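A closer look at the structure
Below, each chain spelled out in residue letters.
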Amino acid sequence: MNNQMKVILIIILFFTFQIGIAQVFNPTPIFIDDDAPGGFLTTGDINNDGYQDIIHVSSQRLVWYENDAQGNFSDPVVIDTEPGQSFDIKAIDLDQDSNLDILVSSFAHDRLYFYRNLGGGSFAPRQVLAENLDRIRSSKSADLNGDGFLDLVIGITNSVGLYWMEHLDGLGNFAPPTPISTTLAQARYQQIGDINGNGFMDVLSNSGGSTLLSWFENDGQGDFPTQHIVENSGFYHKQLFLKDIDGNGNLDIVCISDDGVFWYENLDGFGNFSSKHIIHSTTDSAIQYSQLAVFDIDNNGTMDVVYLSSINDGVNYQLNDGSGNFSNPYYVDPPTGITSGGNFPLDIDSDGDKDLINIAAINGNPSLRILWWYENQTILNVQDYALKGLTITPNPVAGVLSIKSKTPLKSVSFYQSQGKTLKTVTSSFESIDVTFLTPGIYFVWIEGQEGERVVTTVIKK
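Residues numbered from 1 in each chain as written. Predicted model: local features only at pLDDT ≥ 70, side-chain atom pairs only at ≥ 80, totals over all residues. Heavy atoms only, no water.

Points about the overall build of the protein
Looking only at helices and strands, one finds zero helices and 39 strands in the protein. A total of 461 residues make up the protein; the buried ones form 56% of that total. For the protein, contacts bridging at least 24 residues in sequence account for 44% of all contacts bridging at least 6. Accessible area of the protein: about 18100 Å², with a carbon and sulfur share of 48%. (Helix = DSSP H or I, 4+ residues; strand = E, 2+ residues; numbered from the N terminus. Buried < 20%, exposed > 50% of the residue type's maximum accessible area, 1.4 Å probe, protein only. Contact = heavy atoms within 4.5 Å. Areas by Shrake-Rupley, 256 points an atom, 1.4 Å probe, with all protein chains shown as cover.)

Take a look at the structure:
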C-alpha cells in the first residue's frame, strides 16, 4: 500500500432511497485521522490547483489535505501543532494575494488566529488578530464599511458582546474589536448579508436569554445602530444561515435548535420576517437536532437542508421544492459502529454537484475520529450499485462470519481502520473464519461479479 493509502481507505457504498428521488448520497472514501480526534473543518483550494482541499483543526493540530480532484486526499500537511480546541475555521483570502489564508477561532485560547498562505499551501506562523475573547466560537467576513477590504465579525460565547473588526489596509492588519452590541449574550454564531436590500452588509446573530435571534442593520459605515428582533421565545438556535429559501430573491433565515430545523421568511425584502416555518421538528425532549448544512443538493437551484438527529446515527436531508416546502426526511445510514458528526458541503470529485464531508466518531473509541465523504450522485445519475439481498451474520462475530447475497459475489476484503488490507476471500463466503481478527471494528469491502460494491463494518468480539 502506498503512502497515500496509509490514510485513505477507498470504499464505496450505495444506498437505495425512496422512489422518486433523483440523487443518491453515497458514503465513499474514508481517511483516518486518529492523531487529531474531534475538531472542525472547512474547505478551499489551498494550493491553487483548481480543486477543493480539506482544512481540519483539532486541539492538537491544524492540517490540510490535498485533493486530487477524484476525492483522494494526501497525507495531512501540518500548519500548526498548538491551535487549541476550536469550533470554527475559515479559508479566505484576507491579504488579497489570491491565496486562501486561514482564520481559526481558538475556543481554548480565547483568541482569533490568522495563518497567512505564502503560496502553494505553505503558511506563515500564526498571527493573533484578537485575544481575551472569552471562548470565541466563530468568525465571519465581509466588507462592512465599503472600502473593499474583508472585515470580520466575532461573537463571544461565555459572556456578552458582538463585535466587528475593521480591515485597515487589505494586507491582513486589523483594528481592535468594535462593539456591534454590548448586551447580546452567548452570541456564538453569526451570518452576514444584505438583509434589507439597501446594498450594505447586515449582521445576523443568535443569542441566549430573551432575544434568541436578531439582526443588526448596517448604516454603510460599519455602524449598526438598529437591532431587529426576529425571535424571542423557544430554544436556543445553535446554527443559522442566510439563504433564499422561497426563490423570491430575499435572504431568509434557516436555523437549527434542539427541537428542530426551521426557516423564517423575509416577507418584503426589507428584513421583516415571518414566524418560523417548520422543516422538521419534535416535541420529544429526548430527541435533539444538530450540525445543519444548507445547500443545493439536487442541482435544481433551490436550497435544501442536511442535518443530524439523535433519532439515528446518520445524515438526514430534506429537499426544497423552490417555494419553501420541504420533502419528508431522507436518511443515509452510516456503517455499523459509526456515529455521524459535522456536515460540510463541497464538490470533492469535481463533477458539478455538492458532496458532503462528515466528521464521524467510532462508537466505543471516543479518541478516534474519521473524516469521510458522501458522494452526491445527482450529476452522475447512478441509482444503485448495492448488492441485492445482502445479509451479514452474526454481527458482532466471534468465529465464523456468513455473507449471503442474491447477487453472485466475487470477493470479500477485510481492512483495519488505518487502511491496511488484512485478508481477501474469494470463495466460501457463507463461512468465513474471522478468528484471525483481534477484537475491534473492521471495514469489509464486498464486491459482486458485475462490479457491484458495498462497504460496511463488522465488529469482532
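Remarks on the packing of aromatic side chains
Counted according to the given criterion, the structure contains seven aromatic pairs. Aromatic pair Y289 and Y307: ring centres 5.8 Å apart, planes at 50°, arrangement tilted. Here the residue Y289 occupies a position in strand β25 (residues 289-295), and Y307 occupies one in strand β26 (residues 304-309), the gap between them amounting to 18 residues. The buried category is assigned to Y307, whose relative accessible area is 1%. Here F414 and F436 contribute two aromatic rings whose centre-to-centre distance is 5.9 Å and whose plane-to-plane angle is 90°, an arrangement assigned as edge-to-face. One end of the pair, F414, is in strand β35 (residues 409-415); the other, F436, is in the loop between β37 (432-433) and β38 (440-448), with 22 residues separating them in the sequence. On the basis of relative accessible area, F414 is assigned to the buried category, the value being 0%. Lying over the aromatic face of F107, R135 brings its terminal NZ or CZ to 5.3 Å of the ring centre. Over the ring of F87 we find R137, and its NZ or CZ is 3.9 Å from the ring centre. (Phe/Tyr/Trp six-rings, centres within 6.5 Å; stacked < 30°, edge-to-face > 60°. Lys NZ or Arg CZ within 6 Å of the ring centre and 35° of its normal.)

Structural notes on the pattern of salt bridges
Using the criterion set out here, one finds six salt bridges in the structure. For D258, the salt bridge goes to K238, with nearest N and O atoms at 2.7 Å. Residue D258 is located in the loop between β22 (252-257) and β23 (260-264), and its partner K238 is located in strand β21 (residues 237-243); the two are separated by 20 residues in the primary sequence. By relative accessible area, which is 27% here, K238 ends up partly exposed. (Salt bridge = Lys/Arg side-chain N within 4 Å of Asp/Glu carboxyl O.)

Observations concerning unusual backbone geometry
For the peptide bond that leads from T393 to P394, omega is -15°, which places it in the cis range. For P394, the position within the fold is in the loop between β33 (391-393) and β34 (400-404). At the junction of N395 and P396, the peptide bond is cis and its omega measures out at 10° in the coordinates. Within the element layout of this structure, P396 appears in the loop between β33 and β34. Of note, the phi angle at D134 is positive, near 45°, even though the residue is not glycine. Position of D134 among the secondary structure elements: in the loop between β12 (127-130) and β13 (136-142).

Some points on the pairing of strand β39 (residues 453-460)
Of all eight residues in β39, six are buried, a share of seventy percent or more. Taken together, the eight bridges between β38 and β39 define a ladder with antiparallel strand orientation. Directly across from I446, in β39, lies its bridge partner V454. (Pairing = 2+ DSSP bridges.)

Here we look at the pairing of strand β7 (residues 86-92)
Taking burial as the measure, the seven residues of β7 include six buried ones, the bulk of the element. With five bridges connecting them, β7 and strand β8 (residues 101-106) associate as antiparallel partners. If you follow A91 over to β8, its bridge partner there is I102.

Some thoughts on the sheet that holds β7
The sheet built from four strands is open, its strands ordered β7-β8-β9-β12 with antiparallel pairing. The sheet is open, and its two borders are formed by β7 and β12, each paired with just one other strand. Going across the sheet, the axis of each strand differs from the next one's by a mean of 25°, ignoring polarity. Sheet topology places strand β9 (residues 111-115) next to β12; three bridges connect them, and they run antiparallel. Its bridge partner lying in β12, Y113 is registered against V128. (Axes fitted to C-alpha atoms, helices over the stretch in contact; angles between N-to-C directions.)

Geometry only, nothing functional implied.
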